[in-house]
Structures are given as C-alpha cells and as structure tokens.
Amino acid sequence: IGLKSAVSDAEKYTLITEMMVKLHKEGKSVIEPVMEEMQTYFDIDGISIYTGKDLHCTYVRGNYVNAVEKVGFINKPGYLELFDSNGYYSESHMNRLEVRSALAYQAVVQQEIGKFIQYVLRVDGEVKALVSFDFFNRNPKMGITDTGMIQTIGRMLAEVAVEE
C-alpha cells in the first residue's frame, strides 16, 4: 500500500514539481524512477507507457497478470473519443468502455484493472504515446487534486518518452 493517505497535498505538490523538473532535466533516464515514485505516493498498482508507430509497451511497472504488449485498439473507432480535449481519460466503471471499445474493454478485464487514469499524446492528430495508471481489482476514490497531479505527470511522462 502506498503512502497516499499519509502524505499531504502540499507534500504531493512538492513531489510532483520535483518529478517534473527531474523529467525535464534528465529525460528518459529518470522515467522508471518517476514511475516508481508515482506508485508509492499515489498508491498506483501499475503504470504502462506505450510508444512508437505500433504503440508497444516501452515502460512498465507493476505486477500485471496479462500485460498488454501493444495498444493497437486505440486507433479503432470509439476509444479515442473517450478522451477529453486535453488528452485525459479516467474510468472506474467499465460499462462505458465496454460499449465504446470492446477490444480495450477486453484488455482491461484481462489485466484485472478496476480503475485507470490515462493520457494520450497526439501530434498533428496522430497518437504518439499512451500512459496508463492502473489500479488492479479495485476502484479507489480519488479527489480532483490527486487525479490532476496524476494526469500532469502522465502528460510529462508521455512527452519525455517520445523525445528523440
């Protein structure tokens, strides 16, 4: 279990700021340590980052039971429409996902994910990266502050992961 309940919002803001500076200055070399910190401080069970033309799993932390190697379903009709205009999508009740994207729903069920927060990076309309913060077999209640911080780091992780 992470330190989520023991860490104040002020401490989390400081941690998020430090992670962002670290990612900005040191790039890809600190992606995995940042993922580990996110798991610890936000009680996240798994984090996956998918990049490349085929959106293959480039970075992964956590004990996924059926890890997804590629997220090709992201470009199928229905899935991308679930993301908001800023590239974020959070799901805790999988009914909407099941209706909109059967392939994505199947992947989530196989991984035993009860909740996720995702960020998709698009450049000129093309998907360049997907970052997924996953909670296995549970649907923890999260406030807007924690969700926003997770989304912010998701975006930064995606940007850094696709840097040349």
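Before any of the text, the structure's been laid out above.
First, a word on scope: everything that follows refers to the structure included in this document. (Residues numbered from 1 in each chain as written. Predicted model: local features only at pLDDT ≥ 70, side-chain atom pairs only at ≥ 80, totals over all residues. Heavy atoms only, no water.)

1. Things to note about the pairing of strand β4 (residues 113–123)
Remark: a regular strand shows side chains that alternate across the two faces of the sheet.
Next up, step 1: In terms of burial, β4 is largely enclosed, as nine of its 11 residues are buried.
Next up, step 2: As judged from the four bridges shared by strand β3 (residues 88–91) and β4, these two strands associate in the antiparallel manner. Following the sheet pairing, S90 is matched in β4 by I117.
Next up, step 3: As paired elements, β4 and strand β5 (residues 126–136) share 10 bridges and run antiparallel to each other. Note that in β5 the partner of K115 across the bridge is F135.
Next up, step 4: In sequence, β4 turns back onto β5 through a hairpin of two residues, with D124 there showing a positive phi of about 50°. (Buried < 20%, exposed > 50% of the residue type's maximum accessible area, 1.4 Å probe, protein only. Helix = DSSP H or I, 4+ residues; strand = E, 2+ residues; numbered from the N terminus. Pairing = 2+ DSSP bridges.)

2. A few points about the packing of helix α2 (residues 31–42) against helix α5 (residues 144–161)
Next up, step 1: Following both chains from N to C, one finds α2 and α5 inclined at 170°, their axes separated by 11 Å at the closest point. What the angle tells us is that α2 and α5 run roughly antiparallel. Between α2 and α5, the contacting residues are I31, V34, M35, M38 and F42 on the first element and D146, M149, I150, I153, L157, V160 and A161 on the second. (Axes fitted to C-alpha atoms, helices over the stretch in contact; angles between N-to-C directions. Parallel < 35°, antiparallel > 145°, perpendicular 65-115°, else oblique. Contact = heavy atoms within 4.5 Å.)

3. A short note on the sheet that holds strand β1 (residues 46–51)
Next up, step 1: Taken together, five strands build an open sheet; the order of strands is β2-β1-β5-β4-β3 and the sheet is antiparallel. A single partner strand is all that each edge strand has here, and the edge strands are β2 (56–61) and β3. Geometrically, the sheet is characterised by an average inter-axis angle of 15° between neighbouring strands, direction not taken into account.

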